[in-house]
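Each chain, written out:
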Amino acid sequence: MRAALKLLAILAALALQGCASHSVSLWSENDSFATAGSEYTNYSNGIQFAFAPTAPHQPCSDDCDNGLFGSIVDFVNIGERKKPSPDIENPIWLRFGFGQQFFTPDDLSIETVQTHERPYAGWLYGFLDVSNEFYDARTEEHYRNNVSLRLGVVGPASLGEDLQRLWHARCDCPEPRGWDHQLENEPGLIYSIGQDRRVLRRAISESWSYDVIGTVSGSIGNVYTGAEAGGIFRLGWNLDRGWGARTIDDVGFHEAPTAVGDPGFFIFAGLRGRAVARDIFLDGNTWEGGHSVNRKPLVYDQTIGFGLNWKQFDVNVSYVYRSKQYSSQATPTRFGSLVLTWRPKE
């Protein structure tokens, strides 16, 4: 476990070596944020570290080696730049990093397979996100095309069991006893494309305004395959041109990776529907037999929260209510999401 954590720390340090200034984001998601630790609701924990250059693609400055990384970006990104003009902004933003999620049944005290509950499962991955943004100052048309590639591993190699046991030993929480029945090791891939569009933006006063952001996306891979659509309403003071708070699973990143701006604050509410064709954390391993549950094909998320921009820091806090994902699920999933972002000064 310690060796794995050291490796992740080394990867984070290497990601920042030699490139232009980066913003750094930390995601933390946990069901205890929404239930005050009183119960477990199918999604135990998620953590993600992300690094985003504050300058648009090219991702590195002139003294960086852009050959291999640039080729990877061009391969992943299927969006194309529009012809630039004085009134049109069309930057390409990058984000890369790594993360881990793990999922458990509601009752951690049972050692045998709980056939009516979801399997124990962990997911450790690295990712590259490319966001091709378009803004026309004349018409105020504003949207972005997002592409995401995640590569990793599901199963014991994801270290989900190790992290949960370590944390529960420290916090005097119930010992998880069913990890012997977790999903087997399997390489994992998710390739996603999507679009966010600012459907509406209106000023209420000099400082207060609101906007509505629509989003659609689709993903394919052995870890997850599905499509989703939804929207976010934001009301705020000095409302930025960001795209609303997002969870770890969402395509596209919430922060506008530009330089430090004016302080601001907003509240938001969102609704998103999802059609799911494949979810390894419910359907079980792709090639191995084992524990699985009867997955529901249609689910939705309801989200409320707030965001704060102050000097070099952004804070986004969300409460997520997720409808039942499988037929024998006793209660809907609820979890909290916290995103902290630091931006370098210009």
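What this report covers is the structure whose coordinates are included nearby.

Basis of the calculations
Residues numbered from 1 in each chain as written. Predicted model: local features only at pLDDT ≥ 70, side-chain atom pairs only at ≥ 80, totals over all residues. Heavy atoms only, no water. Helix = DSSP H or I, 4+ residues; strand = E, 2+ residues; numbered from the N terminus. Buried < 20%, exposed > 50% of the residue type's maximum accessible area, 1.4 Å probe, protein only. Contact = heavy atoms within 4.5 Å. Areas by Shrake-Rupley, 256 points an atom, 1.4 Å probe, with all protein chains shown as cover. Arc of directions from axis to C-beta. Salt bridge = Lys/Arg side-chain N within 4 Å of Asp/Glu carboxyl O. Pairing = 2+ DSSP bridges.

## So, the overall build of the chain
Argument step 1. Counting secondary structure elements, the chain contains five helices and 13 strands.
Argument step 2. The burial tally for the chain puts 49% of its 346 residues in the buried class.
Argument step 3. Expressed as a percentage of contacts within the chain between residues at least 6 apart in sequence, the contacts between residues at least 24 apart total 72%.
Argument step 4. Accessible surface, the chain: about 16,200 Å² in total, of which carbon and sulfur atoms supply 59%.

## Quick word on unusual backbone geometry
Argument step 1. For Asn-238, which is not glycine, the phi torsion reads 50° and is therefore positive.
Argument step 2. In this structure, Asn-238 sits in the loop between strand 9 (224-237) and strand 10 (264-279).
Argument step 3. For Lys-311, which is not glycine, the phi torsion reads 55° and is therefore positive.
Argument step 4. Looking at where Lys-311 falls in the secondary structure, it is placed in the loop between strand 11 (298-310) and strand 12 (313-322).
Argument step 5. Lys-311 gets classed as exposed once you look at its relative accessible area, which sits at 54%.

## Structural notes on helix 4 (residues 160-170)
Argument step 1. Every buried residue of helix 4 is listed here: Gly-160, Gln-164 and His-168. Looking down the long axis of helix 4, one finds its buried residues gathered within 50° of arc, a one-sided arrangement. For helix 4, the exposed residues lying more than 90 degrees away from the buried face are Ala-169 and Arg-170.
Argument step 2. In this structure, the buried side of helix 4 is in contact with strand 2 (43-53) and strand 4 (92-103).

## A closer look at the pattern of salt bridges
Argument step 1. Considering all chains together, one arrives at 16 salt bridges under this definition.
Argument step 2. With a shortest N-O distance of 3.2 Å, Arg-274 and Glu-228 are connected by a salt bridge. Separated by 46 residues along the polypeptide, Arg-274 in strand 10 and Glu-228 in strand 9 bring together distant segments of the chain.
Argument step 3. Under the relative-accessibility criterion, Glu-228 is labelled buried at 12%.
Argument step 4. Between Arg-295 and Asp-283 there is a salt bridge, with the nearest N and O atoms lying 3.0 Å from each other. Of this pair, Arg-295 sits in the loop between helix 5 (280-283) and strand 11 while Asp-283 sits in helix 5, and the two are twelve residues apart along the sequence.
Argument step 5. Among the ionic contacts, a cluster of salt bridges with common partners joins Arg-198, Arg-201, Asp-211, Arg-234 and Asp-240.

## As for the pairing of strand 2
Argument step 1. Counting buried positions along strand 2 yields nine of eleven residues, so the element is predominantly enclosed.
Argument step 2. For strand 1 (residues 22-30) and strand 2, the ladder comprises nine bridges, and the chain directions are antiparallel. Bridged to Leu-26 within strand 2 is Phe-49.
Argument step 3. Here strand 2 runs beside strand 4; their pairing, made up of eight bridges, is antiparallel. The residue of strand 4 that forms the bridge with Asn-45 is Phe-102.

Read these as geometric descriptors, not functional statements.
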